[in-house]
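What follows is each chain in one-letter form.
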Amino acid sequence: MKFGKLFTKLIAKYPQFATLSNNKFSLLTYAELRTIARELRADGYLVGNYTHDPFNVLANKVYNAVKSM
């Protein structure tokens, strides 16, 4: 699958995400978004509690966090 600049940046920092199901944050599964959010939060890129966010809010938070990396 071809990845854009954001996903390339994400995969460069976290190689375990090289096998994601899609190349858009809004089309990833909820479990994938939570896994990415957990890693981003551990490194300080994502702030606050994400565990109870609905899908579209979590996708937006992860997108913005990766953009700001």
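To be clear, the structure that these remarks concern was listed above.
Bear in mind the structure is a predicted one, so any value in this text is a computation, not a measurement.

Caption draft 1: Representation of the environment of Gln16 within the structure. Residue position: Gln16 is located in the loop between helix 1 (5-13) and helix 2 (30-42). Placed 43 residues apart in sequence, Gln16 and Ala59 show a C-alpha to C-alpha distance of 18 Å.

Caption draft 2: Region of the structure containing the side chain of Glu32. Within the secondary structure layout, Glu32 lies in helix 2. Apart from the residues within four sequence positions on either side, Glu32 is in contact with Leu20 and Ser21.

Caption draft 3: Region of interest: helix 1. Within helix 1 the residues assigned to the buried category are Phe7, Leu10 and Ile11. Viewed along the axis of helix 1, the buried residues span an arc of 95°, placing them on a single side of the element. Pointing more than 90 degrees away from the buried face of helix 1 are the exposed residues Lys5 and Ala12. Its buried side turned inward, helix 1 meets helix 2 and helix 3 (55-67).

Caption draft 4: Quick peek at helix 2. Relative to the 18 Å expected for 13 residues at 1.5 Å per residue, helix 2 spans 18 Å between its end C-alpha atoms, a close match to the ideal helical length. Listed as buried for helix 2 are Glu32, Leu33, Ile36, Ala37 and Leu40. Down the axis, helix 2 shows its buried residues gathered within 135° of arc, on one side only. In helix 2, the exposed positions that point more than 90 degrees away from the buried face belong to Ala31 and Ala42. Just beyond helix 2, the residue with positive phi is Gly44, at close to 90°.

Caption draft 5: Inspection of the nonpolar core at higher detail. In terms of nonpolar packing, the biggest core is built from 18 residues, with Leu10, Ile36, Leu40 and Val62 touching the most fellow members. Sequence-distant contacts of Val62, defined by excluding residues within four places in its chain, comprise Phe25, Leu33, Ile36, Ala37 and Leu40.

Caption draft 6: Fine view of the pattern of salt bridges. Inspection of the entire model under this criterion finds 1 salt bridge. Here Lys61 makes a salt bridge to Asp53, at a shortest N to O gap of 2.7 Å. Look at Lys61 and you get partly exposed, because its relative accessible area is 27%. Overall, the relative accessible area of 13% leaves Asp53 in the buried class.

Rules and cut-offs
Residues numbered from 1 in each chain as written. Predicted model: local features only at pLDDT ≥ 70, side-chain atom pairs only at ≥ 80, totals over all residues. Heavy atoms only, no water. Helix = DSSP H or I, 4+ residues; strand = E, 2+ residues; numbered from the N terminus. Contact = heavy atoms within 4.5 Å. Buried < 20%, exposed > 50% of the residue type's maximum accessible area, 1.4 Å probe, protein only. Arc of directions from axis to C-beta. Expected span 1.5 Å × (residues − 1). Core = buried A, V, L, I, M, F, W, Y, C linked by side-chain atoms within 4.5 Å. Salt bridge = Lys/Arg side-chain N within 4 Å of Asp/Glu carboxyl O.

Interpretation in functional terms is not warranted from these geometric data alone.
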